[in-house]
Structure formats: C-alpha cells, structure tokens
Number of protein chains: 2
Amino acid sequence: MTVSRTLSFPHLVSPETREKVAAAVRATGYIPNRLASSLASNQTRTIGAIIPTLRNSIAASFTDGLRDTLRRNGYHVLLGNSEFEPEDEEALVTEFLSRRVDGIYLTGSTHTERTRQMLRENGVPTVEIASLPQDPVDMAVGFSNYDAAYAVTRMFAKQGYAKVALFTTFTKNNERQQERQKGYWAAVEEFGLDSDPRLVSEVAMDLKAAAQNLIALLERRPDVEALFCTGDFIAAGALLEAQRRGIRVPEDLAIAGFDGLEIADNLNPSLTTVQIPRHEIGVLAGQMLLDRINGLPVGGRVVDLGFEIICRESTAKNLPRELTFTSLQTEVHE
Amino acid sequence: MTVSRTLSFPHLVSPETREKVAAAVRATGYIPNRLASSLASNQTRTIGAIIPTLRNSIAASFTDGLRDTLRRNGYHVLLGNSEFEPEDEEALVTEFLSRRVDGIYLTGSTHTERTRQMLRENGVPTVEIASLPQDPVDMAVGFSNYDAAYAVTRMFAKQGYAKVALFTTFTKNNERQQERQKGYWAAVEEFGLDSDPRLVSEVAMDLKAAAQNLIALLERRPDVEALFCTGDFIAAGALLEAQRRGIRVPEDLAIAGFDGLEIADNLNPSLTTVQIPRHEIGVLAGQMLLDRINGLPVGGRVVDLGFEIICRESTAKNLPRELTFTSLQTEVHE
DNA sequence: CACAAAAATGGTACCGGTACCATTGGACAA
DNA sequence: TTGTCCAATGGTACCGGTACCATTTTTGTG
C-alpha cells in the first residue's frame, strides 16, 4: 500500500501522508522486515565475505576497506571464517548463496571445485583478494606473492648474504604462502644462494612457535646469516627470540618480515617488511563488487595493486638505502 | 509440498522419494532460499554481533568463542562494528532487527537510550559482554574492569611504588576504560599513591601513540616509577619505546598491561598483564543466547567470569611471586 | 478379510514486503 | 466546458518457503 511507498520513495507521496505514516511508525515502533523486502525485491544489499581467521588482525584490515566502501553504498557484510579449510569455505559459500547475498568476497584463490562451480553457475558477483589467480572465479584484486618473496630474497642476495633461511606459515590450502615459497626458491637458484632445504620450515602463525623455530633453525644451521619470514608475526617472534639470546640483528642475523603490520615498525630493531596495500585492496574489491551488481562489465578482471619493500633496521647491514627494491604497481590483466 | 519436507524432515519421507528429490536437487543445482524460509518460519538462525573495531584482534577473540558455540548449533554470526560510536551501534541494531536476527551480542554496556528501548520492546535475546552492567538490557557476561584495575594498582602499591602512571585508551563512550580509570584512582587514594593528574593520560590504541605518550610523560614527570596501561598494545608501545631510550624495565620503570594478549608474553622483558577469559566469555555469551532462544529462563542474568593478573618480568622488582593478586572468579548476579 | 492406525503425500493459507497496474481527483490548456 | 496529463493513492499477484490440515497409501492385527 501507500506505506511501503512512503518508506521507499517518499518523494512520490504527499507531505501530509508522509507525516501520517511517520507518526504511525513512531507510535508502533515499526521496523520493516528486510527478509520480506529481500524476498520480494530479489536483492539483499549484503555481501558475504570469507576470511581465513579473525584471530590475527591481518585479514580484518582487508575487510576494513571493504566495509567502508560497502557501508557508504548501503550494503552490509556477512562475515565467515574458513580456518583455511576449503570444505568449510564451501559450506559458507552455500550458506551465503542460500541467503541470497548480492556478492561474495573470498580470500585467496584456493577453493574446492564445487565452490567454483556453484559460484559460476549462480552468477553472483565474486571477488578473490590477495592473489593474482590465473583462472579467477570472476574478479580478483591482489598482488604477486611470488614477486614479493622473490624481491626480498633478491635483496638479501644483493646485500651479500649467501645463507638465507625461510619461515613460511602453513602452506596447505594457502596458495599465497606457496607462491611466496616459490619466489624464494627462484631467487635462491638465480643468485646461487645456499639451497639447503634445512633452511626452510613451516611455522604456526604465532610468536611462540616462531621463537621455537628459530631455536631449531640455529641448531640445524648455526651459520645462517639471514631469515625471511613470510609473515610479520613470525618475524616478530623470531626477532624477539634473537633478542633474548643475545643474537644481534642484523649483525649476526638479518630478519625480514611480510605484511607491513604496525608492529614491524615498532620493534627494536625495526623490521624490514613487505608492505601490502591491504586497505586499498579491500576498497577496490568492494567497488568492483558494486560495479558488477550495478551491471557494469567488470567480470574476469584481475587487478594487481603491487607491494612495497620497506627497508628498516633489521636488515640494514652496510648497504645504502638506495638498494631498496620497491615495486608498487597497479596493473590490470583483462 | 513434499520437497520442503524432504529437505527439512527427511525421516518423514520414504527413501525413494528422498532419492528422487536429492536427484532433482543435484540436477538443478537448487539452493534453498533462506529468506523465504526465515520469513515463513519466523527464525533466521542468525545472531547479530556488534564489536567496536576489527582493527585489533582483541574484540575478535571474544567473538571467536561466540562463533564456535553458535556454529555448533547451526547458527551464524552477522558482524558489525560501531567504532565506539553509540549512534553507529544504534543504526546497526536497527539493521539487525530489521533482518530479524534471533539474538544480539553487544560489546560493553554503553548504548543510546533508543537502542535499549528498541531491544527491550522487541524482546530479542541480547547479551552484553566485557562489563558487569548495573542495568543490563537483558543478559551480560564479563568481569569487573574496576576490580581488575584496582588490583593492578594495588599490586604496584604493595610492591612499594608510590608514583604510578596510568595510560588508558579513549574513555569516551567506553565504560570499560572508565571503570578501569576509576579502579586506578580508588587504589591511588586508598594506598596514598601520588595523585598528580599529570600521571594519567588517554592514548590512541596503537604502538606509536603509546611511545609518544611515554616520551611526554617522562618530560612531565621524570620521576615516575611505574606505568599501568589499560591495554597490552599501549603497554607494548611504551615498553618498546623504553627499550629504545635505554630505560630499564622494570628497574627504572615497571610496566603492566591489560588484556592478556599473546604479545605480552613474548616481549623482552615479558609483560605483566591482566588476563581476561575472552574465549570463555564468548562461548558463554553464545550459550546464554541459545538458551534464551530456546525458551530457557535466563533473562536478567549477569555473569562474572573474573580475571587474573599474570606477573611477569616487566614488574618483577624484588618482590616474591606470592604477591601476585589473582582473582579468577565465576559469579552469577541474578 | 475388514478395519484401525500409522506412514506418506498433497493442498492451501499464510509470512511481509515489492512490482505493477488501476483508479481518482485536480490543474491546466484548448 | 471538456479533454489531457500528472500526482497521489489503492488493489492485487507474486517472491519461495513453512505450518497445518486433508487425503491417500501402507501396514498391522483380530
């Protein structure tokens, strides 16, 4: 009736009627039922976002940008975490689809075959972030994990380090970490670094695990010169353990991290890291989803937002700052 | 028709029919529409959760427990962040109510009057966490911020410190921080500590701000002996700045934090802090919501899950460990 | 074999909105 | 005065499920 119109298109209704409706709404404490509205109008103004975990703030800072963009446009975010399990992700996608979200945001590009199929058949706008998938489900915005890890390892090589260790977090179901490891190996090979597999290990994403791993590494290879951690928390854990053991950073052991978290800049010594444009990725992902929802032809697009190596004290050694290898680029692969 | 029944109550349907339906579902890629389902059945199996911010992982670790409990019972979480603005919170509550969530989870007990009114009139099960409100909207589970801050300050007093500074995060719209500040002042008064207001300041919740604040504090009061920060990030920032300036902790300046984050245990020196049972609070909050939803009479209940002071190196000084004042309690106020 | 009880299936009226069309009543121009 | 057009309002058929009752089929038992 007229009430619905008053609430949705007030300009089509006379001021008196508008006032009467407003009064009734106030009097009864009426709250429109968005379920009914969504059912009838076939749009929920909701985006389903799946991130691996909420336990660290890194995935969260991606979604922060997403949230900003969406809220500004009257959209909401339904958040789910997959705990790095593609099956859990699949269940969440099913759940989101059954709630008829208008768009889906996925972290990374490792999904089950059924997930990809469901998403494609359903035709719901989808964006994958933090990777540059060969075969995106729909759209993607991220950066090259391979290039970033390669660049850090290369930086170590150019600084004269020959024995560079690598700590990654679990690579299972995580193509970002896999790519970083590949980038490391590529640089190790290219620059003739020590390719002892005992220099490489997988660590849980927490400070304590990183500390213990450093101890183990030092037992295996006491002669290690540099350590690249594909996560700032890992790097922080290792750095703090080095501090406890009186290992001087970077004189005895250079350390670099990955992510560009706040803590990297505040540790002593401050931590060299790879800065990821997390907020920008979230914002752009949101914008791309909105564009697709509004019928703009942006499907199949993969956007590279680049990264930047920030050199700090933990890898200074005796090389000038000019040798920082930054690579912040914005590229669109159609 | 029979299809609906097959999907909801398969045991009421013959195996052949069940198989036929399953085949059709597979063939068409049918995904049930939960909007329609919720509209008709009047339940969404969704809890709306509002947290201040996702930027740090602390609120997230509360909701982790919530999520665990809910998922186990087939419920989902709709997450919103208020950025410490009661008006934003109100808008989110309205949004959640219009989506007919089955329950609402709020952080803290600072809400607009309209929020309280909406929630109460609507009668939706609601739980407030991290505080022990005098007048809960419905249910609450948390701990006494006042007691915890009082206990830490008392600990400093008993250890012989007379000049104890306080860094809180912004107290505006945040009764938790306000309570902690009150607890501090109460202990200052009771134990005759230096009550110079210049010992107290508000800091943004980040490492850099904390570092700068420490510098300012040392200029105002170079004779300060101990520093209590009502957040581990603040404490970490101060501790790292102290490290940079060659200030020995705890010999020159003792530092205590609040929250019991992972980083507290890994800094050098390790940080004394107040451990909050975050996960347990989330789990219990979820359980209470489920109980209310299922008609169990748990309304109006406020549960105190206590806290625990964990003494570490940053406040060791020359007092024995026995003087740690822990207070982990579980109390129910009807 | 007859009949009652139980199991399986089908029919229909909602849930609370939106979309779209129909109707009413002025205002204004010819 | 009459016709046209537009603003404002009202009516109705959905959206895709669930709840509940009615009907049909199967099973069990004396």
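Above this text is the structure in question.
What comes next is a walk through the structure. Only a predicted model underlies this, so the values are computations on that prediction, with no experimental measurement involved. (Residues numbered from 1 in each chain as written. Chains lettered and ligands numbered in written order. Predicted model: local features only at pLDDT ≥ 70, side-chain atom pairs only at ≥ 80, totals over all residues. Heavy atoms only, no water.)

1. Quick notes on the overall build of chain A
Then comes step 1: Across its full length, chain A holds 11 helices and 13 strands.
Then comes step 2: Summarising its shape, the C-alpha atoms of chain A cover approximately 80 × 40 × 35 Å along the three principal directions.
Then comes step 3: Taking all 334 residues of chain A together, 56% fall into the buried category.
Then comes step 4: Put simply, of all contacts in chain A between residues at least 6 apart along the chain, 68% involve residues at least 24 apart.
Then comes step 5: If you sum the accessible surface of chain A, you get close to 13,800 Å²; carbon and sulfur atoms cover 51% of it.
Then comes step 6: In chain A, which carries 35 positive and 44 negative side-chain charges, the distance between the mean positions of the two groups comes to 5 Å. (Helix = DSSP H or I, 4+ residues; strand = E, 2+ residues; numbered from the N terminus. Buried < 20%, exposed > 50% of the residue type's maximum accessible area, 1.4 Å probe, protein only. Contact = heavy atoms within 4.5 Å. Areas by Shrake-Rupley, 256 points an atom, 1.4 Å probe, with all protein chains shown as cover. Lys, Arg positive; Asp, Glu negative; His and termini not counted. Charge placed at Lys NZ, Arg CZ, Asp CG, Glu CD.)

2. Structural notes on the sheet that holds strand β7 (residues 200-203) of chain A
Residues and elements named next belong to chain A.
Then comes step 1: The four strands are arranged β7-β6-β8-β9 in an open sheet whose pairing can be described as parallel. What marks the edges here is a single partner per strand, and that holds for β7 and β9 (254-256). On average, each strand axis in the sheet is inclined to that of its neighbour by 20°, with strand direction left out of account.
Then comes step 2: Two elements, strand β8 (residues 226-229) and β9, share three bridges in a ladder whose sense is parallel. Bridged to Phe228 within β9 is Ala256.
Then comes step 3: Here helix α7 (residues 145-158) sits on the sheet and contacts β6 (164-169), β8 and β9; the angle it forms with β8, its principal contact strand, is near 170°. (Pairing = 2+ DSSP bridges. Axes fitted to C-alpha atoms, helices over the stretch in contact; angles between N-to-C directions.)

3. Points about the protein's contact with DNA strand D
Then comes step 1: Among the 19 residues in the neighbourhood of DNA strand D, the closest are listed as Thr2(A), Arg5(A), Thr17(A), Ser4(B) and Tyr30(B).
Then comes step 2: Close to the protein, within 4 Å, the atoms of DNA strand D are drawn from sugar and phosphate at a rate of 67%.
Then comes step 3: In the environment of DNA strand D, a phosphate oxygen lies 2.3 Å from a nitrogen or oxygen atom belonging to the side chain of Thr17(A).
Then comes step 4: Put simply, the parts of the chain that give the surface near DNA strand D at least two residues each are α1 (2-8) and α3 (34-41) of chain A together with α1 (2-8) and α3 (34-41) of chain B.
Then comes step 5: Among the elements that make up the surface near DNA strand D, the one with the highest residue count is α3(B) (five residues).
Then comes step 6: Its residues placed into classes, the surface near DNA strand D shows nine nonpolar, nine polar and one charged. (Near = heavy atom within 4 Å. Polar contact = N/O pair within 3.5 Å; in protein donor to acceptor, adjacent residues only side chain to side chain. Nonpolar A, V, L, I, M, F, W, Y, C, P; charged D, E, K, R; others polar.)

4. Some words on the protein's contact with DNA strand C
Then comes step 1: The environment of DNA strand C is made up of 19 residues, and the closest members are Ser4(A), Tyr30(A), Thr2(B), Arg5(B) and Thr17(B).
Then comes step 2: Between a phosphate oxygen of DNA strand C and a side-chain N or O atom of Tyr30(A), the distance comes to 3.0 Å.
Then comes step 3: Within the residue set of the surface near DNA strand C, elements represented by two or more residues are α1 and α3 of chain A together with α1 and α3 of chain B.
Then comes step 4: Examining the composition of the surface near DNA strand C, we find that five residues originate from one element, α3(A), more than from any other.
Then comes step 5: Split by residue class, the surface near DNA strand C holds nine nonpolar, nine polar and one charged.

5. Let's talk about the relation of the copies chain B and chain A
Then comes step 1: With an RMSD of 0.0 Å, chain B superimposes on chain A once it is rotated by 180° and translated 0.0 Å along the axis. A rotation of that kind, with that shift, is consistent with a two-fold axis.
Then comes step 2: When the interface residues of chain B are mapped onto chain A, 100% of them are again interface residues, pointing to one common binding face. (Least-squares fit on C-alpha atoms with pLDDT ≥ 70 in both.)

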